[in-house]
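Close look at the chain arrangement
Here's the letter readout for the chains.
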Amino acid sequence: MSFFRHPNGGGSHAERDLPSPDLPRSSSQARPDIPSREKPTDSFQALFNHALELLARREHSCEELRQKLVPKHPDADFDGVLQRLQTLNYQCDRRFAESFCRSRVNRGQGPLRIRQELQVRGIRGVLAQEVMDALQEGVDWFELALEQLRRKFRDPIDDTLPRAQQLKERARRQRYLAYRGFFGDAIQYAIDAANRPVDCAPV
């Protein structure tokens, strides 16, 4: 079931035939007395190729690439490689953010958690706000919350239970949806709709 009101269509991120970059020129030569040290162009190429391997699998944010690659290529020019990747349109934070948001909606996550996970991946500020605003227009968070609740709790709250037990069950459902990142109004709607008798459901 899709919760996108207006799907954009378009294909998934696929592997591309990615050419090697034009390597930056260096006026200095590798020191002959340190044969084990890579030449600057060699380290640039190694980092570039490693980045391409990651990007061929899925979109990555700049921050993700930095975290994965810098420890393995400490002497390489990461900023130079990143600039080259962006110039060739192999890496784009906006494209990553849009793809990431769609995947998280398909996993049943709410907007609060999606926004938090974007920040962890380095998508913040104006870009994060723009991507989330676009997502808000395309997703029905109320229905998505209801669907997730029904998957987790197949049966409604039994109204024959003692009042204290009913409140406990309601609190369990609230915590579950809050953990998945839904806001209060969507949580309230989902719980009420899940407990509504079938013959009272809106047509």
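The present account deals with the structure reproduced in this document. Here the structure is a predicted model, which is why all the values come from computation and not from measurement.

Before going further, it helps to spend a moment on the packing of helix 8 (residues 163–179) against helix 9 (residues 184–195). Relative to each other, helix 8 and helix 9 sit at 135°, their axes nearing to 10 Å. Considered as vectors, helix 8 and helix 9 are oriented oblique to each other. Here helix 8 and helix 9 pass one another in a crossing that is right-handed. Mapping the contact onto sequence places Arg170, Arg173, Gln174, Leu177 and Ala178 in helix 8 and Ile187, Gln188, Ala190, Ile191, Asp192 and Asn195 in helix 9.

Here the focus is the packing of aromatic side chains. Scanning all chains against the criterion turns up five aromatic pairs. With a centroid separation of 6.5 Å and an interplanar angle of 10°, the aromatic rings of Phe44 and Phe48 are classed as stacked. With Phe44 and Phe48 both in helix 1 (residues 40–57) and four residues apart, the pair spans about one turn of that helix. Joined through ring pairs, the aromatic side chains of Phe142, Phe183 and Tyr189 make up one cluster. Above the plane of the ring of Tyr179 lies Arg113, whose end atom (NZ or CZ) is 4.8 Å from the centre. Sitting over the ring of Phe153, Arg173 keeps its end group 4.4 Å from the ring centre.

Residues Ile114, Leu118, Leu135, Trp141, Leu177 and Phe182 are the most contacted members of the largest nonpolar core, which totals 27 residues. Counting residues per element, the ones that place at least two in this core are helix 4 (93–106), helix 5 (111–120), helix 6 (125–138), helix 7 (141–152), helix 8 and helix 9. Ile114 has contacts with Phe100, Cys101, Arg104, Val105, Gln109, Met132, Leu135 and Trp141, leaving out every residue within four places of it along the chain. Membership of the second largest hydrophobic core comes to 16 residues, among which are Phe44, Leu52, Leu69 and Phe78.

This paragraph deals with the pattern of salt bridges. Taken as a whole and assessed by the stated rule, the structure comprises 12 salt bridges. Measuring nitrogen to oxygen at the nearest pair gives 3.4 Å for the salt bridge that ties Asp79 to Arg66. Separated by 13 residues along the polypeptide, Asp79 in helix 3 (residues 78–87) and Arg66 in helix 2 (residues 62–69) bring together distant segments of the chain. What makes Arg66 partly exposed here is its relative accessible area of 32%.

For the rest of this paragraph, the subject is the environment of Leu54. Tracing the sequence through the fold places Leu54 in helix 1. Expressed as a C-alpha distance, the spacing of Leu54 and Lys68, which sit 14 residues apart in the sequence, is 9.2 Å. In this structure Leu54 touches His60, Leu65, Lys68 and Leu69, once residues within four positions along its chain are discounted.

Cut-offs used in this document
Residues numbered from 1 in each chain as written. Predicted model: local features only at pLDDT ≥ 70, side-chain atom pairs only at ≥ 80, totals over all residues. Heavy atoms only, no water. Axes fitted to C-alpha atoms, helices over the stretch in contact; angles between N-to-C directions. Helix = DSSP H or I, 4+ residues; strand = E, 2+ residues; numbered from the N terminus. Parallel < 35°, antiparallel > 145°, perpendicular 65-115°, else oblique. Left-handed = near helix turned anticlockwise from the far one by under 90°. Contact = heavy atoms within 4.5 Å. Phe/Tyr/Trp six-rings, centres within 6.5 Å; stacked < 30°, edge-to-face > 60°. Lys NZ or Arg CZ within 6 Å of the ring centre and 35° of its normal. Core = buried A, V, L, I, M, F, W, Y, C linked by side-chain atoms within 4.5 Å. Buried < 20%, exposed > 50% of the residue type's maximum accessible area, 1.4 Å probe, protein only. Salt bridge = Lys/Arg side-chain N within 4 Å of Asp/Glu carboxyl O.

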